[in-house]
Amino acid sequence: MAKSSTDRIEKRIELKASPARVWRALSDHREFGEWFGVKLEGPFVAGKTTRGKITHPGYEHLTMEMAVEKMESERLFSFRWHPYAVDPKVDYSKEPMTLVEFRLEKTKGGTLLVVSESGFDAIPAARRDEAYRMNSGGWTAQMKNIEAYVSKTR
Amino acid sequence: MRRSTPVFAALGDETRLTLVMKLSGGSRCSIAHLTEGLTVTRQAITKHLRVLQGAGLVRGVRRGREKLFELEPKRLGEAQRALDHISKKWDEALARLKSFVEK
């Protein structure tokens, strides 16, 4: 079936670090939490769901859930989650989830990481608009804080 | 009402995507015109147009006895904007991952 351009996001990034190092930053729930900004309760296990509190300043009231699908060492890490799950009063469990995939490829200089998120076509449009309104502004300012933290702990 | 219809699901079909593309030039088209060059029946096109209308992507305008269809560009723009926003969040997260693994 043809997918519209609104169904999928794909990002590619060259990392000057070995696939082993990148894999650890993705697959170790504590390391993942450090750069992503979430304090996860348990490790990533294929077929299991883990959850945790967002640690971004201003977003600490939110809990996020990740349903892990595949963990193929140094190659593929994938999970499903609820995008735009930004209102703590709303139960998102009945809504469709998007699929996030991290694919690693060894390169001369380190690792090529390809990240994709797909399945947006199934998400109710009204939810997208609402999430957009709730998120816009604020977010950029929060990012500045994270950046400052990361460079301090370098 | 129509705000809760998944716009994105409405676009997840090849024929509907083709219809949106045909209308994207900004012109108003009749069903007969829209069916031209497609291997699907007029009835099928009518059904697809109804889905697109339900999602607020297309609207019907009556001109005399004829019904014409045109694109509702605002709705498509909103969908794209929401995705751009998520896309930006990924860029930011990946920039943090980069400095995390390269330190």
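Every chain is numbered on its own, with residues counted from 1 as its sequence reads. Chains and ligands are labelled by the order in which they are written, letters from A for the one and numbers from 1 for the other. Given that the model is predicted, a residue must reach a pLDDT of at least 70 before its local features are reported, and side-chain atom pairs must reach 80 or more before they are shown or counted; all residues, however, enter totals for whole chains, interfaces and linings.

Caption draft 1: Structural view of the packing of helix 1 (residues 19-27) of chain A against helix 2 (residues 29-36) of chain A. Residues and elements named next belong to chain A. Geometry is summarised by axes, namely lines fitted to C-alpha atoms with helices restricted to the contacting stretch, and by angles between N-to-C directions that run from 0 to 180 degrees. Put simply, DSSP H or I for four residues or longer makes a helix, DSSP E for two residues or longer makes a strand, and each gets a number counted from the N terminus. The contact between helix 1 and helix 2 brings their axes to 5 Å, and the two run at 85 degrees. Regarding the angle of helix 1 to helix 2, the classification is roughly perpendicular. Only Glu31, Phe32 and Trp35 of helix 2 make contact with helix 1, whose side of the interface consists of Arg24, Ala25 and Leu26. When its residues are assigned to classes, the contact of helix 1 with helix 2 shows four nonpolar, no polar and two charged. The cut-offs work like this: below 35 degrees is roughly parallel, past 145 is roughly antiparallel, 65 to 115 is roughly perpendicular, and the gaps in between are oblique. Two residues qualify as a contact pair if the distance between their C-beta atoms, derived from the backbone, is within 7 Å. When residues are sorted by character, Ala, Val, Leu, Ile, Met, Phe, Trp, Tyr, Cys and Pro go into the nonpolar class, Asp, Glu, Lys and Arg into the charged class, and all the rest, Gly among them, into the polar class.

Caption draft 2: Up close: the pairing of strand 3 (residues 49-54) of chain A. Residue and element names in this part refer to chain A. Where strand 2 (residues 38-40) meets strand 3, three bridges bridge the pair, whose relative direction is antiparallel. Along strand 3, the bridge assignment pairs Leu40 with Gly52. Paired strands, in this sense, are two strands between which DSSP finds at least two bridges. Pairing geometry for strand 3 and strand 4 (residues 63-72), over five bridges, is antiparallel. What sits directly across from Lys53, in strand 4, is Thr63.

Caption draft 3: The arrangement of the environment of Glu14 of chain A in detail. All names here are of chain A. Tracing the backbone shows Glu14 in strand 1 (residues 8-15). We call a residue exposed when 12 or fewer other C-beta atoms sit within 10 Å of its C-beta, buried when the count reaches 20 or more, and partly exposed for counts in between; the C-beta positions come from the backbone. We classify Glu14 as exposed; it has 12 C-beta atoms within 10 Å. When the C-alpha atoms of Glu14 and Leu112 are compared, they prove to be 4.7 Å apart, with 98 residues separating the residues in sequence.

Caption draft 4: Structural view of the confidence of the model for chain A. Residue and element names in this part refer to chain A. Confidence of the predictor at the level of single residues is given by pLDDT, which spans 0 to 100. In this model, chain A carries a mean pLDDT of 79, and residues with pLDDT of at least 70 account for 73%. Across chain A, the element-wise mean pLDDT spans from 39 in helix 4 (residues 139-152) up to 96 in strand 5 (residues 76-81). Across residues 133-154, where pLDDT falls below 50, the model places 20 contacts with residues more than four positions away in sequence or in other chains.

Caption draft 5: How the structure looks around the nonpolar core. Among buried residues, those of type Ala, Val, Leu, Ile, Met, Phe, Trp, Tyr and Cys that are joined through C-beta atoms within 7 Å form a set called a nonpolar core. Grouped together as the largest cluster of nonpolar side chains are 17 residues, with contacts concentrated most on Val22, Ala25 and Leu26 of chain A together with Val101 of chain B. Put simply, the parts of the chain that give this core at least two residues each are helix 1, helix 2 and strand 6 (98-106) of chain A together with helix 5 (73-101) of chain B. Here this core gets four residues from one element, more than from any other, and that element is helix 1 of chain A. Leaving out residues up to four positions away in the same chain, Val22 of chain A has contacts with Leu15, Ala17, Leu104, Thr111 and Leu113 of chain A together with Val101 of chain B. Ranked by size, the runner-up nonpolar core spans 12 residues in total, among them Ile45, Leu49, Leu57 and Leu71 of chain B.

Caption draft 6: Focus on the sheet that holds strand 1 of chain A. Residues and elements named next belong to chain A. Taken in spatial order, the seven strands of this open sheet run 1-7-6-5-4-3-2, and their pairing is antiparallel. What marks the edges here is a single partner per strand, and that holds for strand 1 and strand 2. Averaged over all pairs of adjacent strands, the angle between their axes in this sheet comes to 25 degrees, without regard to strand direction. Pairing geometry for strand 4 and strand 5, over five bridges, is antiparallel. Paired with Met71 across the strands is Phe77, a residue of strand 5. Those strands touched by helix 1 are strand 1, strand 4, strand 5, strand 6 and strand 7 (111-118), and its axis lies near 160 degrees from that of strand 6. Together, strand 2 and strand 3 form the strand contacts of helix 2, whose direction differs from that of strand 2 by roughly 165 degrees.

Caption draft 7: Expanded view of unusual backbone geometry. The backbone of Glu74 of chain A shows a phi angle near 60 degrees, a positive value even though the residue is not glycine. As for its position among the elements, Glu74 of chain A is in the loop between strand 4 and strand 5.

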